[in-house]
Structure formats: C-alpha cells, structure tokens
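# Coordinates in review
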Amino acid sequence: RQTQPRKRQEASAQVLEAILGAAAVEFAAHGFEGASTRRIAENAGVFQAQLGYHVGTKEELWRATVDWLFERLRADLEKGLADHMDRPIDDPAAALADIIRRHVRHAARHPELSRIMSVEASMTTNRSRYLLDTHVRPTLEALRMIWDDVRAQGKGHGMEAEDVFMLMIGLASLPFAQGPLMKPLLGRDRVRPEDHAEMIVKWVLG
C-alpha cells in the first residue's frame, strides 16, 4: 500500500504538470506580458493561489514552463541516441537524421515551445537571456559535436553547425508553430510531419 506522503507527492506532481501544460499554452498564445495567471489556473483546474504555492511568481512560472518544455524535447531526441550513449556513434549522419525527424514530430505535437521562443527572441530581456544561456547555447554545442562527426563522413553540403541549428529551430518547426497560417496557405499535405521532416533531412544531409 502507498503511504499518505507518497500519494500527496504524486498528487502534487500531477497538479504541477497540469499547471505547466496550461502555462505553456498561455505563454505561447499571449507572450509573457499578455499571459494571464488567472486563465492558467482556470485551464489547469486549480486555484490561482496554487500557482504561487507550486511554482512561485509569474516569472518563475515562465522559467519552469520553459524548462519543462525543453526537458520534454530533450527526452524525445535522446530516445534516438539511447543505444549510442556508451559508445561512439557508428553512423553520425543517420543519427542526426533520426534527431531531425524526432524534432519535427515533437514540434508538430508541441508547437508551444517554438511559439514562446519566437516571441522572446524578438527582444532582449532577462527571459531571452535565460533561454540563450540555459537552453539554446547548450543545444547548439551538443549539435556541433555530432555535426563535426557528420562532416568527417564527408556529408553536410559544406554547412556549418550554426546553419543546421537555424534550420532546426526555424524551418523545422515553422509549419506547426504557424499552423493557423500555413495549413490554409500551403494545404495540409505540405505540413505533414513525416514529409516535412524528410525535406529537412534532405537539405541537411542530401
């Protein structure tokens, strides 16, 4: 039998998950300034006071939400590398292609992260600096390591890691982050995750 503390911990984790999910949607739709903690609480099914109890201030809620979104993205991407964690990657180009496909599928399912980044990247704030230092710069450095191995294979069309990074954070997520515009404009077939991922893989790796 579970103890009462264990049950309370699980209930608290579920509440926090609901808060972060609702906050991701709210920050993506309205930006930090326009986001309403009242709406977040309502959509999470909690009292507004619980936001402060579980997370803290609005700024702390934003950071916790961004951390949560990146953790989910990394978990998706790392599944493709799980078999290679204790040894060199035999085929870096194939591993990168898998990462790109996973990234596109994740962006299609969870466009909130790209939308939040797009809003915050348009200005210099403590939030944009937090994104840069905590998540974006380390992601580029991780990509640079595998890209060096891809280039050593003679692949990559002379592109630099920064070029691939821009494709992945920009074009790879664009049809889904801007779905209300792109789907009517281009047609649903052109924004299917599988087809879009293969286009990115072809551009990056040939």
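Above this note sits the structure.
What you are looking at is a predicted structure, and each value in this text was computed from that prediction instead of being measured.

## Focus: helix α8 (residues 161–171)
Among the residues making up α8, those that are buried are Ala161, Val164, Phe165, Leu167 and Met168. The buried residues of α8 occupy one face: seen down the axis, they fall within an arc of 160 degrees. Buried-residue contacts for α8 involve α5 (92–109), α7 (126–152) and α11 (193–205).

## Focus: the pattern of salt bridges
In this structure the tally under the stated criterion is 13 salt bridges. Ionic pairing is found between Arg38 and Glu42, a salt bridge with its closest N-O pair at 3.1 Å. Within this pair, Arg38 and its partner Glu42 are both found in helix α2 (residues 37–44), separated by 4 residues, close to a single helical turn. The partner of Glu160 in a salt bridge is Arg151, and the shortest N-O contact between them spans 4.0 Å. With relative accessibility at 44%, the residue Glu160 sits in the partly exposed group. One connected set of salt bridges, linked through shared partners, spans Glu59, Glu120 and Arg127.

## Quick look at the packing of α8 against α11
Two numbers describe how α8 lies on α11: the axes approach to 11 Å, and their chain directions differ by 165 degrees. One element, α8, and the other, α11, form an angle in the roughly antiparallel class. Seen along the crossing, α8 lies across α11 with a hand that is right-handed. Seen from α8, the contacting residues are Val164, Leu167 and Leu171; seen from α11, they are His196, Ile200, Trp203 and Val204. Along the lines of polarity and charge, the residues of the contact of α8 with α11 split into 6 nonpolar, 1 polar and no charged.

## Brief notes about the packing of aromatic side chains
Per the stated rule, a full pass over the model turns up 2 aromatic pairs. Relative to Phe32, the ring of Phe27 has its centre 6.1 Å away and its plane inclined at 10 degrees; by these criteria the two rings are stacked. For Phe32, a relative accessible area of 10% puts it in the buried group. A ring pair is formed by Trp62 and Tyr130, whose centres lie 6.4 Å apart and whose planes are at 65 degrees; its orientation type is edge-to-face. Taken together, the positions of Trp62 in helix α4 (residues 58–79) and Tyr130 in helix α7 put the pair 68 residues apart, joining distant regions of the chain.

## What about the packing of α5 against α11?
Where α5 contacts α11, the two axes come as close as 9 Å, and the packing angle between them is 145 degrees. Handedness of the crossing formed by α5 with α11: right-handed. Mapping the contact onto sequence places Ala93, Leu96, Ala97, Ile100, Arg101, Val104 and Ala108 in α5 and Pro193, His196, Ala197, Glu198, Ile200, Val201, Val204 and Leu205 in α11.

Rules behind the numbers
- Residues numbered from 1 in each chain as written.
- Predicted model: local features only at pLDDT ≥ 70, side-chain atom pairs only at ≥ 80, totals over all residues.
- Heavy atoms only, no water.
- Buried < 20%, exposed > 50% of the residue type's maximum accessible area, 1.4 Å probe, protein only.
- Helix = DSSP H or I, 4+ residues; strand = E, 2+ residues; numbered from the N terminus.
- Arc of directions from axis to C-beta.
- Contact = heavy atoms within 4.5 Å.
- Salt bridge = Lys/Arg side-chain N within 4 Å of Asp/Glu carboxyl O.
- Axes fitted to C-alpha atoms, helices over the stretch in contact; angles between N-to-C directions.
- Parallel < 35°, antiparallel > 145°, perpendicular 65-115°, else oblique.
- Left-handed = near helix turned anticlockwise from the far one by under 90°.
- Nonpolar A, V, L, I, M, F, W, Y, C, P; charged D, E, K, R; others polar.
- Phe/Tyr/Trp six-rings, centres within 6.5 Å; stacked < 30°, edge-to-face > 60°.

Keep in mind that these numbers describe shape and distance, not what the molecule does.
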